[in-house]
Each structure stands twice: as C-alpha cells, then as structure tokens.
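Chains, contacts and geometry: an overview
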Amino acid sequence: MKGLMMDYQLTLPTFLRRAETYFPDKQIVTRLPDRSFHRYTYRDLGRRSRQLAVALQKLGLERGDRVATLCWNHYQHNECYLGIPCGGFVLHTLNLRLHPADLAYIASHAGDRAVVVDRALLPLLEQFRGETPIEHVLVVEDSYEELLATADPDEWRDPELDENEAAAMCYTSGTTGRPKGVVYSHRSTVLHTLGVASGAPLGLALSEEDVFLPVVPMFHANAWGYPYLAAMMGANLVYPGPHLDGESLLDAFVQERVTWTAGVPTIWLGILAQLDANPGKWDLSHMKGMLIGGSAPPRAMIDAFKQRHGLNVVHGWGMTETSPVASVSDLPGDLRHADWEKQLDYISLQGLPLPFVELRARDSEGKDVPWDDRTMGELEIRGPWVASGYYETPEQADRWTEDGWFKTGDIVTLHPDGFIHIQDRTKDVIKSGGEWISSVELENALMGHPAVAEAAVIGIPDEKWFERPLGVVVMRPGQSASPEELREFLAPNFAKWWLPDRFEVVEAIPKTGVGKFKKTELREMFVDAPAQAT
Ligand code: AMP
C-alpha cells in the first residue's frame, strides 16, 4: 500500500518565500570594507535575490548553468546563495585563498559561465579568468548592481525544480591531489538545514530571536549551511566582511548583540588571545555559543573559553562532502549535571551524528571496530546530505564502499556512548613500529603548553620504526621551551613511544586555504631531519 502524501519537492525557493513572508523585517547586517555597517532586511534580501534570478536568465544563462562567486562574507554573497539556485542555476563558491592555478582548474572543471566578484578580488580573478570559460564578470557594488537594476523582481517565477537538481557546488580544499567537486542538490540542502536546525541539545538550536555571525567563510563548504538556516528560522545575520581579526569580531559581537557564531579553531585562538589580554573590555553575556569545527579545537581552548570567559563551545565535525555538518557535541543523560572536567571530555570529542546521518568505523580488513574508544578505524558515513560521488572525477570512485558508504579518510575511535573521537586523517596518521600514533592528540596537548602558540606533529621516516613523530612548534612571543621541557609536559598523558623525538621551532606553520595545517609542506621541510636526534 502506498502512502497518500504530497510529492512535495524539497527546493530552495521554499526558504526564499518563507523568509520574505514571515520574517520580512529581520535584519542582515554587513561590515563593509571601510568598517561601516550596511543594514537591510529579509524583505530586501528576497527582492534582490529574485532580481538576481531574473537578471541571470536575461543574460542568457540556462537552467543548470554554473555561476561562481569570488567574495568575502556579505549581503550580496547571501543573495547569491538564494538567488542563483532559486533561478535554477548552480551556485559555485570559489575559495579566494587558493592559488590562481587551482582556481583556473576549478572554474574550468566546473564550467563556470559567470562570476560575481568583490572589487578587491578583481586582481585575483584577472590572474586566472583567461584560462576559464567565464563569460560574464559581475563586480559587487558595480556591474552586479547594474545587472540587478535590469530585472523586475515580480518577473521571478519558481522554476519548479526537481529536488534532485543541483543547487550549489564546492571543491574540497584537499591537502593532496587535485581539488574535487562536491555537488549539493536542492533536496540535500533542505534536509541538511533541517538536520542542523533540529539541534541536538547542545547543538545549534537557532531560533527567530537569535543573531548569528558566521565567521566561517562563505566560500568554505557551503558556509556550513548558515545562510539557509538563518533564512528558514528568521534569525538576524551579521556578516563580518573582510574584517576577521579577533578585535573586529569581538567588537561586532558586542555591537550587534550576537548570540551564535561559528568558525574554524584558528579564529578562536585569536579571539581567546584578545579576551585574555583585555579582561572586561567586551561584555559577551548575551552569547549562547560558538560552533567550532573544521579541525579539532584544542581541549585547553574549550576549557579557557568556559572557565575564563563563560563562553560555551559547541564542537562539530563534518566535511565538504557532508554538506558539511554531520555531527555536533552533546551531553546526553547525566552528563548535563556532571562536573566540568567530565563535560569537557565529551565536548572535546567530535560529537554524535545529526538525525539521518549514519556512521561506522572499519579497520583495514573492512571489519567494524568496537565502540571502545581504543580501536582505530576509518570513519564511514551515509545520509541524505552526503555526496554520492565527485563531479566528473571517476578516478575517485574508490572513496565510496561497495555498499554505498563514503570513506571519510578520518581515522577515529568510537566512544562507548557513540561519540566520534577523531585521531587523525588517513594521510596524517603516524605508524610507528606497526602501531598508530595520533598526531592530533599530541598537537592538542602541545597547544596546552603555556609557551606554545601553535603545534603540528608530522610523521617522518625512521629506519627502525619506519616513522616517528616530529613536533613543529610556534612559540608565543618572548617565550621558549626546550625539547626536554615539551616532552616532560606531554609525558604524563602519553605512552613513552608516542613522544616526539625531535622538535623544530618555526615562525609560522604553513596553512591550507581554509586555515588548516599543511602537513604535506611540513613533511617536505623536515623529511631529511634525523628523527632520533634532539
Ligand atoms: P573540509 O572538507 O575541508 O571541511 O575537511 C574535512 C576534514 O576536516 C574532515 O575529514 C576532518 O579530517 C577535518 N575535520 C573537520 N571537523 C573536524 C573536527 N571537529 N575535529 C577534527 N577534524 C575535523
């Protein structure tokens, strides 16, 4: 017997109509390059998004055509997030931190026909545009505005898309190999938004009364879905523009009475340093939480935010391939009333899966690992907002198992309560004498040392053990610590054979376009270093 319910298509125009109809006066605030604030409402967002959809059609673009963005976080980028897919086109966010050669490859591979670009990023665009199929360049506050002016918002008609049509695409930053395109559908985006909105108790239970400031760049992994989440819930949005330093963000949190924010750990280290250096300068009592993901936030940092500044960290895990939010931290059962140290143990883990997300971890023989928080395996995932393949990249098909799960490349243990505990990424795991060493755990611990600002641990070749860990550290200004001191600091919490034999002090750790440690580069720098020497 078949169910008798409507075959209602899950497409993004629903969010557009909802935001305009029910939250017309809620605000979207943007910090402009000159540091002033631009304000407008969801009514304005709706009108201009529809104008954009109509105007792109008038330009001659057709359903399914890719429209790229090369922009910081601001209201026009938000219009692209809605207007491009609601016109039946595919939003393709380009990562402005990538090398022009990579951008040329990505824009060509995706077949981008138009690009919306910030004026300040035009010189970057000019470095690669000639090698791409891009026909139309729309400059924010310039030709983008002229284009919008040609379109009447009332001409917009819902293109009545099939929910499985593409809405957006994003290439993974990939620390190795060519970037790979992930293509989000309307359906996956709508369901991801609902999944995130369902907010596990500690998760992102955003509501209409919230003010959300996404620090995560809109060119990174679908902006973690926040433009859609905010539109669906009617939450005010505050975009920081290009002003991403700790002080500017803290000023914006206070001025706009921000309740939620989200970004990668690097950002929060900067914010923590500002808060520590200027006690009492910013009153953040209105803040409910900060979602941190993309890399593991060090335990010491989560602790410092809570204990020294009363700020709650919600820890999330995900990937570009998983839309990206797949799990968030939670404190189920008695944990809500447990002491802080115990809660911190759980918040430092990568959380429990959102509804509809299924997880398993398998060892190298394909057997499920037990939930004992000891046995390592590769995390595999499936669900309605997990990629089923990369765009025109058949050689990567082996990232999916025969029974349709996506192999994340993350090496994890699973906690007895089901929490993910990331130990490393496949290529970052150090295998010493046949045993795994987690560089992530060592890094987190090292970053808890008072003299250490940043730390990365890499595996370097070793004759006897095949690989040994090497610690690369950036010292805080005016501070120092000897290798012996660092080893002593680590010793209580790790097996002796886990301790790095050697440390290298550097000025800065090379980072990928989205602020993660670039371990490939570090390995190249230190591959010849004798691991046994100190
Ligand atoms: P990306 O697609 O660039 O967002 O990278 C996804 C990868 O980042 C994951 O496969 C993890 O290796 C890493 N990652 C994301 N979130 C976390 C987290 N909370 N803790 C540790 N690693 C993370």
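Residues numbered from 1 in each chain as written. Predicted model: local features only at pLDDT ≥ 70, side-chain atom pairs only at ≥ 80, totals over all residues. Heavy atoms only, no water.

**Observations concerning the site of the ligand**
We count it as follows: Near is defined per residue: the residue qualifies when any heavy atom it owns lies within 4 Å of the molecule or strand. N or O atoms within 3.5 Å of each other form a polar contact, as long as, within protein, one can give a hydrogen and the other can take it, and as long as residues adjacent in sequence are counted only when both atoms are side-chain atoms. Each helix is a run of H or I in the DSSP string that is no shorter than four residues. Each strand is a run of E no shorter than two, and both are numbered from the N terminus.
Contacts to the ligand come from 15 residues, most closely from His 315, Gly 316, Thr 320, Asp 410 and Lys 516. Between a nitrogen atom of the ligand and a main-chain N or O atom of Ala 296, the distance comes to 3.2 Å. Within the backbone of Gly 316, an N or O atom sits 2.8 Å from a nitrogen atom of the ligand. In terms of residue count, strand 13 (residues 313–318) provides more of the shell around the ligand than any other element does, 4 residues in total.

**Quick look at the pattern of salt bridges**
What counts here: Whenever Lys or Arg places a side-chain nitrogen within 4 Å of a carboxyl oxygen from Asp or Glu, that contact is recorded as a salt bridge. Burial classes follow relative accessibility: with a 1.4 Å probe on protein chains only, a residue under 20% of its type's maximum area counts as buried, one over 50% as exposed, and anything between as partly exposed.
In total, this model carries 33 salt bridges according to the counting rule given. Residues Asp 330 and Arg 336 are paired through a salt bridge, measuring 3.3 Å at the closest nitrogen-oxygen approach. Taking the relative accessible area as the measure of exposure, Asp 330 reaches 8% and is therefore buried. The exposure class assigned to Arg 336 is partly exposed, which follows from its relative accessible area of 36%. Counted as one network, the salt bridges with shared partners bring together Glu 20, Arg 50 and Asp 154.

**Notes on the side chain of Arg 399**
Put simply, the rule is: By the counting rule applied here, Lys and Arg register as positive and Asp and Glu as negative, while His and the ends of each chain are not counted. The contact definition used throughout considers only heavy atoms, calling two residues in contact when any of these lie within 4.5 Å.
Position of Arg 399 among the secondary structure elements: in the loop between strand 17 (377–382) and strand 18 (406–414). It is Glu 321 that comes nearest to the buried, bridge-free Arg 399 among opposite-charge side chains, at 4.6 Å. Dropping the residues within four chain positions of it, Arg 399 is found in contact with Lys 180, Met 319, Tyr 390, Trp 405, Phe 406, Lys 407, Thr 408 and Gly 409.

**Observations regarding the domain arrangement of the chain**
It is common to give the size of an interface as the accessible area that goes away when the parts come together. Test applied: Start and end positions for the domains come from either an automated domain assignment or a database one. A 1.4 Å probe defines the accessible area here, and the buried area is the portion of it lost by two parts on being joined, summed over both. Gly falls in the polar group here, along with every residue not listed as nonpolar (Ala, Val, Leu, Ile, Met, Phe, Trp, Tyr, Cys, Pro) or charged (Asp, Glu, Lys, Arg).
One can read the domain layout of the chain as domain 1 (26–266) and domain 2 (429–534). Listed by partner, the interface residues are 8 residues for domain 1 and 7 residues for domain 2. The junction of domain 1 with domain 2 conceals about 650 Å² of combined surface from both sides, 63% of it contributed by carbon and sulfur atoms. Linking domain 1 to domain 2 there are 0 salt bridges. Viewed at the interface, domain 2 and domain 1 are joined by 0 residue pairs in polar contact (both at pLDDT 80 or more). Classifying every residue of the side of domain 1 that touches domain 2 by side-chain character gives 1 nonpolar, 6 polar and 1 charged.

**Focus on the pairing of strand 9 (residues 211–214)**
Where we set the bar: DSSP calls a pair of strands paired once it identifies at least 2 bridges connecting them. For a crossover, the right-handed case is the one in which the path from the first strand over the helix to the second runs clockwise, viewed with the strands pointing away from the viewer.
Side chains Val 211 and Leu 213 project from strand 9 onto one buried face, and the interleaved Phe 212 and Pro 214 project onto a second face that is buried too. As paired strands, strand 9 and strand 10 (residues 236–239) are joined by 2 bridges and run parallel to one another. Residue pairing in the sheet places Phe 212 in a bridge with Leu 237 of strand 10. In terms of handedness, the path from strand 9 via helix 8 (residues 226–233) over to strand 10 forms a crossover that is right-handed. As paired elements, strand 9 and strand 11 (residues 260–263) share 3 bridges and run parallel to each other. By the bridge assignment, Leu 213 is partnered in strand 11 with Thr 261.

**Here we look at the sheet that holds strand 4 (residues 90–93)**
Note the cut-off: Orientation is described by lines fitted to C-alpha atoms, with helices fitted over the stretch in contact, and by angles between N-to-C directions that extend from 0 to 180 degrees.
The sheet built from 6 strands is open, its strands ordered 6-5-3-4-7-8 with mixed pairing. Each edge of the open sheet is held by one strand with a lone partner, namely strand 6 (136–139) and strand 8 (181–185). Averaged over all pairs of adjacent strands, the angle between their axes in this sheet comes to 20°, without regard to strand direction. Relative to strand 4, strand 3 (residues 66–70) runs parallel, the two sharing 4 bridges. By the bridge assignment for strand 4, Arg 66 is matched with Val 90.

**A closer look at the packing of helix 11 (residues 299–309) against helix 12 (residues 340–347)**
Stated formally: Orientation is classified from the angle alone, with under 35 degrees giving roughly parallel, over 145 giving roughly antiparallel, 65 to 115 giving roughly perpendicular, and any other angle giving oblique. For a crossing to be left-handed, the near helix must be turned anticlockwise from the far one by less than a right angle; the clockwise case is right-handed.
Contact geometry for helix 11 and helix 12: axes closest at 10 Å, N-to-C directions at 135°. Comparing their axes, helix 12 and helix 11 come out oblique. Here helix 11 and helix 12 pass one another in a crossing that is right-handed. Residues Arg 299, Ile 302, Asp 303, Lys 306 and Gln 307 of helix 11 form the contact with helix 12, whose participating residues are Trp 340, Glu 341, Leu 344, Asp 345 and Ile 347. For the contact of helix 11 with helix 12, the residue count by class is 4 nonpolar, 1 polar and 5 charged.

**What about the state of the cysteines?**
Just so we agree on the cut-off: Disulfides are defined in this document as cysteine sulfur pairs within 2.5 Å.
If you walk through the whole model with that rule in mind, you get 0 disulfides. The closest cysteine sulfur to the non-disulfide-bonded Cys 80 is located on Cys 71, 6.0 Å from its own sulfur. Just so you know, Cys 170 is unpaired, no disulfide at all, and the nearest cysteine sulfur is the one on Cys 71, 14 Å from it.

**Here we look at helix 3 (residues 75–86)**
Threshold: Helices are assigned an expected span. That span is 1.5 Å times one less than the residue count.
End to end, helix 3 covers 16 Å across 12 residues, agreeing with the expected 16 Å (1.5 Å per residue, within 8%). In terms of residue burial, helix 3 counts as a mostly covered element, since 12 of its 12 residues are buried. When we look at burial in helix 3, the residues that qualify are Tyr 75, Gln 76, His 77, Asn 78, Glu 79, Cys 80, Tyr 81, Leu 82, Gly 83, Ile 84, Pro 85 and Cys 86. Downstream of helix 3 by one or two residues, Gly 88 has phi in the positive range, about 90°.

**Focus on the nonpolar core**
Soluble globular proteins tend to pack their nonpolar side chains together in the buried interior. Heads up, the rule is: Here the nonpolar core consists of buried residues drawn from Ala, Val, Leu, Ile, Met, Phe, Trp, Tyr and Cys, with membership extended through side-chain atoms lying within 4.5 Å.
Counting residues in hydrophobic clusters, the biggest one holds 142 residues, and the most contacted among them are Leu 56, Leu 70, Phe 128, Phe 253, Trp 268, Ile 271 and Phe 305. With 7 residues, helix 2 (residues 42–58) is the largest single contributor of residues to this core. Those residues in contact with Phe 305, other than ones at most four positions away along the chain, are Trp 268, Ile 271, Leu 272, Leu 275, Met 290, Gly 310, Leu 311 and Val 313. Counting residues in hydrophobic clusters, the runner-up holds 29 residues, among them Leu 446, Val 457, Val 473 and Ile 509.

**Section: the environment of Glu 521**
Position of Glu 521 relative to the elements: it lies in helix 15 (residues 519–526). As for Glu 521 and Lys 511, which are separated by 10 residues in sequence, their C-alpha atoms are 8.8 Å apart.

**What about the packing of aromatic side chains?**
Filter applied, for reference: In summary, the pairing rule links any two rings of Phe, Tyr or Trp, Trp by its six-membered ring, whose centres are within 6.5 Å, and it sorts them by plane angle into stacked for under 30 degrees, edge-to-face for over 60 and tilted for everything else. Think of it as a cone above the ring: NZ of Lys or CZ of Arg counts as a charge over the ring if it is within 6 Å of the ring centre and within 35 degrees of the ring normal.
Applying the stated criterion across every chain yields a total of 10 aromatic pairs. Taken together, a centroid distance of 5.1 Å and an interplanar angle of 70° make the contact between Tyr 390 and Trp 400 edge-to-face. Taken together, the positions of Tyr 390 in the loop between strand 17 and strand 18 and Trp 400 in the loop between strand 17 and strand 18 put the pair 10 residues apart, joining distant regions of the chain. Assessed through its relative accessible area of 9%, Tyr 390 is described here as buried. A cation over an aromatic ring shows up here: Lys 180 above the ring of Tyr 390, its NZ or CZ 5.8 Å from the ring centre. Sitting above the plane of the Trp 405 ring, Arg 360 keeps its charged end 4.1 Å from the centroid.

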